[in-house]
Amino acid sequence: GMKLAKDMIVSDSKISTILLVSGYRNCDFVDYKNPKMRFLYNLGAGGAAMVIKRDAPNEILETSIITDGSFADDVIAPMGGSREPCNCDGLKNRRQYLDVPDAESMRERLNSVSTDNFTDVIEKSIATSGYYTKDIDYLAILHVKRSMHKTIIKKIGISDSRTTYLFGKLWSYRSK
């Protein structure tokens, strides 16, 4: 969204202000009785908004995006849509909730694929902005497990003092 808004302001002189709004509500699909979904237990409904103005004092630098569909069938809602339309039996069997049909397979692939993708987009966005990793004062990565967070910051050369493991802070707060 930020990339699109920035590109619109840069390419169209008639646009001077953009309100960017985002929302998230997948928590309705999390089955808290399914231990395979524990990585989503901390999700909640949320929203965010930001105003982007031409010539504002804060500049949106370059971005990098990777869309990786290799996990498209790993986290699914078995019921719903055209493959298995909603029905009372499916609701009784909790098939409207997200599930991981093969958690072990997903777990085996997750670290290598996701870590490389995170690292690539960080390095590309820094480089295309004309900066180096050493120029980053603070890195915020959200919703990855602690070992992946540590691997990413090690690969890009950021010390622990320039980041916070946000997921763990949230999780430890909620579990008290």
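This write-up is about the structure you can find in this document.

Parameters at a glance
- Residues numbered from 1 in each chain as written.
- Predicted model: local features only at pLDDT ≥ 70, side-chain atom pairs only at ≥ 80, totals over all residues.
- Heavy atoms only, no water.
- Buried < 20%, exposed > 50% of the residue type's maximum accessible area, 1.4 Å probe, protein only.
- Helix = DSSP H or I, 4+ residues; strand = E, 2+ residues; numbered from the N terminus.
- Arc of directions from axis to C-beta.
- Contact = heavy atoms within 4.5 Å.
- Salt bridge = Lys/Arg side-chain N within 4 Å of Asp/Glu carboxyl O.
- Polar contact = N/O pair within 3.5 Å; in protein donor to acceptor, adjacent residues only side chain to side chain.

Details of helix H1 (residues 2–11)
Of all the residues in H1, the buried ones are Ala5, Lys6 and Ile9. Down the axis of H1, the smallest arc covering the buried residues is 100°, so these residues share one side. H1 presents Leu4 and Ser11 as exposed residues on the side facing more than 90 degrees away from its buried surface. Elements that come into contact with the buried residues of H1 comprise strand S1 (17–24) and strand S2 (46–53).

Some points on the pattern of salt bridges
In the structure shown here, the tally under the stated rule is twelve salt bridges. Its salt-bridge partner being Asp99, residue Lys36 comes within 3.3 Å of it at the nearest N-O pair. In this pair, Lys36 sits in the loop between S1 and S2 while Asp99 sits in the loop between helix H2 (88–92) and helix H3 (103–128), placing the two residues 63 residues apart along the sequence. Ionic pairing is found between Arg107 and Glu104, a salt bridge with its closest N-O pair at 2.8 Å. Here Arg107 pairs with Glu104, and both are found in helix H3, just three residues apart, close to one helical turn. Look at Arg107 and you get partly exposed, because its relative accessible area is 42%.

Observations regarding the side chain of Thr163
Its place among the elements puts Thr163 in the loop between helix H4 (146–156) and helix H5 (166–174). Using a relative accessible area of 8% as the deciding quantity, one classes Thr163 as buried. Of note is the side chain of Thr163, whose polar atom sits 2.7 Å from the backbone oxygen of Leu139. In contact with Thr163, other than residues within four places in its own chain, are Tyr138, Leu139, His149 and Ile153.

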